[in-house]
Amino acid sequence: MALSAGPLKVCIVGSGNWGSAVARIIGNNVKKLQKFDPTVNMWVFEEDINGRKLTEIINTDHENVKYLPGCKLPDNVVAIPDLREAVQDADLLVFVIPHQFIQQVCDEITGHVPSTALGISLIKGIDQGPEGLKLISDIIREKMGIDISVLMGANIASEVAADKFCETTIGCKVLENGLLFKELLQTPNFRITVVDDADAVEVCGALKNVVAVGAGFCDGLGYGDNTKAAVIRLGLMEMIAFAKIFCTGQVSVATFLESCGIADLITTCYAGRNRRVAEAFVTSGKSLEELEEEMLRGQKLQGPQTSAEVHQILKKQEMLDKFPLFTAVYEICYEGRPVADIVSCLQNHPQHNAGEHSAWHYVFFPLLFTAH
């Protein structure tokens, strides 16, 4: 079904630091492109900030003072606290909320957007279904009946908002739709590559946060860059293997060389919030919940939550021992396993079993280099 003939209306579903950074890009782009309606709706979960509503602050001062302070938003970005009102008549939906809320949001807006609408998910996380892995894009697609692309990459929100150069990746099932979102989102300093390996792009965005938690643990323990490099390499191996085993769609190893793969993994393991909070978890002795409140202004950390989803999928398939890094991160976060065990997990990783009869060789080597 075709999109509306007139200018395409855009709604951003979410308004955290990443959502606000993306709103800045979209708001500026639609002013210059006749294809898009010049007003951008942004759904904002209403909060009280020093006696003022957050939506009022955004619409009056054009700044999300809680989640992206110091960055001015375009005046054509309109903050709306009512979700259904925000998405009304939207042709293009940009989903950028914590992944644990996607089911509730989809339930609320299904039937309130045109059947011809298209979506793109910037949500980094996964879920689990009866058959194992359930992608966030699958949830949106099934609940709303619309086509969904995904965007993942080495994109620290504050740097994107400051217009510092970076790359990102759009994965799509329908190339035409991926290219449309590229037109909406690309700038001279936000360069986008479109690939048709949507499932792998999305899995990269979720799993890199689990690896980054492991990197943060190592930082908190005082290990150096050599150890972190090992976390990144072994984490990448587990990411590829997980995608090959559990994704139902096409998975190409080449996708892991895009911004959504190795680039995002490196950035997150050195500069991301999951790394920072995991380091503080070790050095402060505080709980993850306390650190979320202190360091993230109440926003939810995605790495630990994703590790829990991954753990359930691997446990069901009796494959926990084949993914020791993912397993260690989960057990440290939720089961009280000593943080120092992260090092022994690296030391005894099956990838170091160089013999041709190693479990890693037999289980994963054919998977790494042959697509579904």
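A quick note: this is a predicted structure, and the numbers were derived from the prediction, not measured. (Residues numbered from 1 in each chain as written. Predicted model: local features only at pLDDT ≥ 70, side-chain atom pairs only at ≥ 80, totals over all residues. Heavy atoms only, no water.)

J.: Describe in detail the pairing of strand β10 (residues 147–152), supporting the description with residues and values.
T.: Judged by how many residues are buried, β10 sits mostly within the fold: six of six residues are covered. Note: β10 against strand β11 (residues 166–171), three bridges, orientation antiparallel. When the sheet's bridge partners are listed, Met-152 is paired in β11 with Thr-169. (Buried < 20%, exposed > 50% of the residue type's maximum accessible area, 1.4 Å probe, protein only. Helix = DSSP H or I, 4+ residues; strand = E, 2+ residues; numbered from the N terminus. Pairing = 2+ DSSP bridges.)

J.: Tell me about the nonpolar core, and name the residues and values.
T.: As a rule of thumb, nonpolar side chains are buried together in soluble globular proteins. In terms of nonpolar packing, the biggest core is built from 59 residues, with Leu-133, Phe-217, Phe-242, Phe-256, Phe-326 and Ile-342 touching the most fellow members. What Phe-217 contacts, discounting residues up to four positions off in sequence, is Ala-278, Phe-281, Val-282, Val-329, Ile-332, Cys-333, Val-339 and Ile-342. (Core = buried A, V, L, I, M, F, W, Y, C linked by side-chain atoms within 4.5 Å. Contact = heavy atoms within 4.5 Å.)

J.: If you had to explain the packing of helix α9 (residues 225–246) against helix α14 (residues 324–334) to someone new, which residues and values would you point to?
T.: The contact between α9 and α14 brings their axes to 8 Å, and the two run at 105°. On the basis of the axis angle, α9 is roughly perpendicular to α14. On the side of α9, the interface is formed by Val-231, Leu-234, Gly-235, Glu-238, Met-239 and Phe-242, while α14 contributes Pro-324, Leu-325 and Phe-326. For the contact of α9 with α14, the per-class residue count stands at seven nonpolar, one polar and one charged. (Axes fitted to C-alpha atoms, helices over the stretch in contact; angles between N-to-C directions. Parallel < 35°, antiparallel > 145°, perpendicular 65-115°, else oblique. Nonpolar A, V, L, I, M, F, W, Y, C, P; charged D, E, K, R; others polar.)

J.: Before we move on, can you summarise the pattern of salt bridges with the specific residues and values?
T.: Within the structure shown, the criterion is met by 20 salt bridges. Of the charged contacts in the structure, one is a salt bridge between Asp-264 and Lys-208, with a shortest N-O distance of 3.6 Å. Residue Asp-264 is located in helix α10 (residues 259–271), and its partner Lys-208 is located in helix α8 (residues 198–220); the two are separated by 56 residues in the primary sequence. Overall, the relative accessible area of 6% leaves Lys-208 in the buried class. A single salt-bridge network, built from bridges that share partners, covers Asp-219, Lys-228, Arg-275 and Glu-279. (Salt bridge = Lys/Arg side-chain N within 4 Å of Asp/Glu carboxyl O.)

J.: How would you explain the side chain of Thr-187 if you had to name every residue and give the values?
T.: Here Thr-187 is to be found in the loop between α7 (175–185) and β12 (190–195). The exposure class assigned to Thr-187 is buried, which follows from its relative accessible area of 13%. Within the structure, the side chain of Thr-187 is placed 3.0 Å from the backbone nitrogen of Phe-190, a separation counted as a polar contact. Not counting residues up to four positions away in its chain, the partners in contact with Thr-187 are Ile-25, Asn-29 and Asp-163. (Polar contact = N/O pair within 3.5 Å; in protein donor to acceptor, adjacent residues only side chain to side chain.)

J.: Give a description of the side chain of Asn-41 that names residues and reports values.
T.: Positionally, Asn-41 belongs in strand β2 (residues 36–43). Of the residues examined, Asn-41 reaches a relative accessible area of 15% and is grouped as buried. A polar side-chain atom of Asn-41 sits 3.1 Å from the main-chain carbonyl oxygen of Ala-86.

J.: I'd like a rundown of the sheet that holds strand β7 (residues 118–121), residues and numbers included.
T.: What the eight strands build is an open sheet, ordered β5-β2-β1-β6-β7-β10-β11-β12; its pairing is mixed. Only two strands of the sheet have a single neighbouring strand rather than two, namely β5 (77–80) and β12. Sheet twist, expressed as the average angle between the axes of neighbouring strands with direction ignored, equals 25°. With respect to the sheet, α7 is in contact with β1 (8–13), β2, β6 (92–95), β7, β10, β11 and β12, its orientation differing from that of β12 by roughly 180°. On the sheet, α8 packs against β10, β11 and β12 and is oriented at approximately 45° with respect to β10.

J.: Can you break down the environment of Phe-101 residue by residue, with the values?
T.: Among the secondary structure elements, Phe-101 is positioned in the loop between β6 and α4 (102–109). Phe-101 sits 50 residues away from Gly-51 along the chain, and the two C-alpha atoms are 26 Å apart.

J.: Give a detailed account of the packing of aromatic side chains, specifying residues and quantitative values.
T.: Applying the stated criterion to the full structure yields seven aromatic pairs. The interplanar angle of 85° and the centroid separation of 6.2 Å between the aromatic rings of Phe-242 and Phe-323 together place this pair among those described as edge-to-face. Remark: Phe-323 occurs in the loop between α13 (302–316) and α14 and Phe-242 occurs in helix α9; sequence separation between them is 81 residues. Under the relative-accessibility criterion, Phe-323 is labelled buried at 0%. An angle of 75° between the planes, with centres 6.4 Å apart, marks the rings of Phe-242 and Phe-326 as edge-to-face. Linking Phe-242 in helix α9 with Phe-326 in helix α14, this pair joins segments that are 84 residues apart in sequence. As far as the burial class goes, Phe-242 and Phe-326 line up, both buried. Cluster of aromatic residues (ring-pair linked, three or more members): Phe-242, Phe-246, Phe-323 and Phe-326. Looking at Lys-228, its charged tip hangs above the ring of Tyr-270, at a distance of 4.1 Å from the centre. (Phe/Tyr/Trp six-rings, centres within 6.5 Å; stacked < 30°, edge-to-face > 60°. Lys NZ or Arg CZ within 6 Å of the ring centre and 35° of its normal.)

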